[in-house]
Amino acid sequence: MLPRVEAGAIRPGYELWRPNREKAESKSARALVVFLLLVSAALAFVVTVGGWERLEGGKMFAVAYVVLYLLFAYLVSRWNRGVLPVAAALALILAIFAAIAAPAWFDRAKDGLDSPALPEEVLGLLTLLMVPVQVILIAVAMIAFNQNWHVEEERPIGDEIED
């Protein structure tokens, strides 16, 4: 009969190994998700700061997205796959809002309207650029989620398995 081991405990002489995190595909997906989250946060930050005076009800919404995307980028960089579906869902919502908001920035580029800190055309272009970035983020986050970064195996300490 095998000795009883508590859940989460590692047997003496063994270590936890996460084989799926060592794959090149997993490392690439993780790096791409982190990059896309950081690009999305930067775009949202520039649009928020550049159009602060003209954002009517979306100021806190925009700030929340920047903070959440930075937090998610940090968590994904530490191999946390639990935030990937949440990031994809938020990216879908942001893509919808960006697609709706972009034409409004271009419509504001008229004489007689007060201009925000950045020109309306720039804000419209950045907002429009956010749509494909979010679509790519959704796809890559779902691919990364399906790579099973969380799978753990026990192996003897010092035992290296080669691919």
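Our structure's up above, just so we're on the same page.
Residues numbered from 1 in each chain as written. Predicted model: local features only at pLDDT ≥ 70, side-chain atom pairs only at ≥ 80, totals over all residues. Heavy atoms only, no water.

### A few points about the overall build of the chain
Selection criterion: Helix and strand assignments follow DSSP, with helices taken as H or I runs no shorter than four residues and strands as E runs no shorter than two, numbered in order from the N terminus. Residue exposure (1.4 Å probe, protein chains only): buried if accessible area is under 20% of the type maximum, exposed if over 50%, otherwise partly exposed. Contacts are residue-level and defined by heavy atoms, with any inter-residue pair within 4.5 Å sufficient. Surface accessibility follows the Shrake-Rupley procedure with a 1.4 Å probe radius. Residue values consider only the protein chains on display as shielding.
A tally of helices and strands in the chain yields four helices and two strands. Starting at the N terminus and walking to the C terminus, you meet the elements of the chain as β-α-α-α-α-β. Residues classed as buried in the chain amount to 34% of the 163 residues present. In the chain, the proportion of contacts linking residues at least 24 apart, taken out of those at least 6 apart, comes to 78%. As presented, the chain carries roughly 9,900 Å² of accessible surface, and 65% of it is formed by carbon and sulfur atoms.

### Some words on the layout of surface pockets
So the rule is basically this: Throughout, the protein atoms alone are placed on a 1 Å grid, and a set of points is a cavity if a 1.4 Å probe fits but cannot get out or a pocket if it is open with protein on both sides within 12 Å along at least five of seven lines; lining residues have an atom within 4 Å of a point. Grid points are joined across faces, edges and corners, and a volume is the space filled by probe spheres set on the points. Put simply, Ala, Val, Leu, Ile, Met, Phe, Trp, Tyr, Cys and Pro go in the nonpolar bin, Asp, Glu, Lys and Arg in the charged bin, and everything else, Gly too, in the polar bin.
In this structure, the largest pocket occupies an estimated 490 Å³ of space. Lining the largest pocket are 20 residues, with Val47, Leu55, Phe97, Ala101 and Trp105 sitting closest to its centre. Looking at the lining of the largest pocket, the elements with two or more residues in it are helix H1 (24–50), helix H2 (59–77), helix H3 (84–107) and helix H4 (120–145). A per-element tally of the lining of the largest pocket places H3 first, with six residues. Looking at side-chain class alone, the lining of the largest pocket contains 13 nonpolar, four polar and three charged residues.

### Looking at the packing of aromatic side chains
Rules: Here is the rule: rings of Phe, Tyr and Trp (six-membered ring for Trp) pair when centre to centre is within 6.5 Å. Planes less than 30 degrees apart are stacked, more than 60 are edge-to-face, and the remainder are tilted. By the criterion adopted, a ring carries a charge over it if an Arg CZ or a Lys NZ lies within 6 Å of its centre and within 35 degrees of its normal.
Applying the stated criterion to the full structure yields three aromatic pairs. Measuring from ring centre to ring centre gives 5.5 Å for Tyr65 and Tyr69, while their planes differ by 75°; the resulting arrangement is edge-to-face. With Tyr65 and Tyr69 both in helix H2 and four residues apart, the pair spans about one turn of that helix. What makes Tyr65 buried here is its relative accessible area of 6%. Among the aromatic side chains, those forming a connected cluster through ring pairs are Phe61, Tyr65, Tyr69 and Phe97. Note that Arg81 overlies the ring of Phe145, its terminal NZ or CZ placed 4.0 Å from the centroid.

### Describing the packing of H3 against H4
Each pair of packed helices can be summarised by the angle the axes make with each other and by the distance between the axes. Stated formally: To get an axis, fit a line to the C-alpha atoms, keeping to the stretch in contact for a helix; angles then go from 0 to 180 degrees between the N-to-C directions. Between 65 and 115 degrees an angle is taken as roughly perpendicular, under 35 as roughly parallel, over 145 as roughly antiparallel, and anywhere else as oblique. Helix crossings fall into two classes, left-handed where the near helix is turned counterclockwise from the far one by less than a right angle and right-handed where it is turned clockwise.
Their axes nearest at 8 Å, the elements H3 and H4 cross at an angle of 160°. Taken as axis vectors, H3 and H4 run roughly antiparallel relative to one another. With respect to the hand of their crossing, H3 and H4 are arranged in left-handed fashion. Looking at side-chain class alone, the contact of H3 with H4 contains 24 nonpolar, three polar and two charged residues.

### Thoughts on the packing of H1 against H4
At a closest axis distance of 9 Å, the pairing of H1 and H4 adopts a crossing angle of 155°. Classified by the angle their axes make, H1 and H4 are roughly antiparallel. The handedness of the crossing between H1 and H4 comes out as left-handed. Between H1 and H4, the residues in contact are Ala29, Leu32, Val33, Leu36, Leu37, Val39, Ser40, Leu43, Ala44, Val46, Val47 and Gly50 and Leu123, Leu126, Thr127, Leu129, Met130, Val133, Gln134, Ile136, Leu137, Val140, Ala141 and Ala144, respectively. Residue classes in the contact of H1 with H4 are distributed as 20 nonpolar, four polar and no charged.

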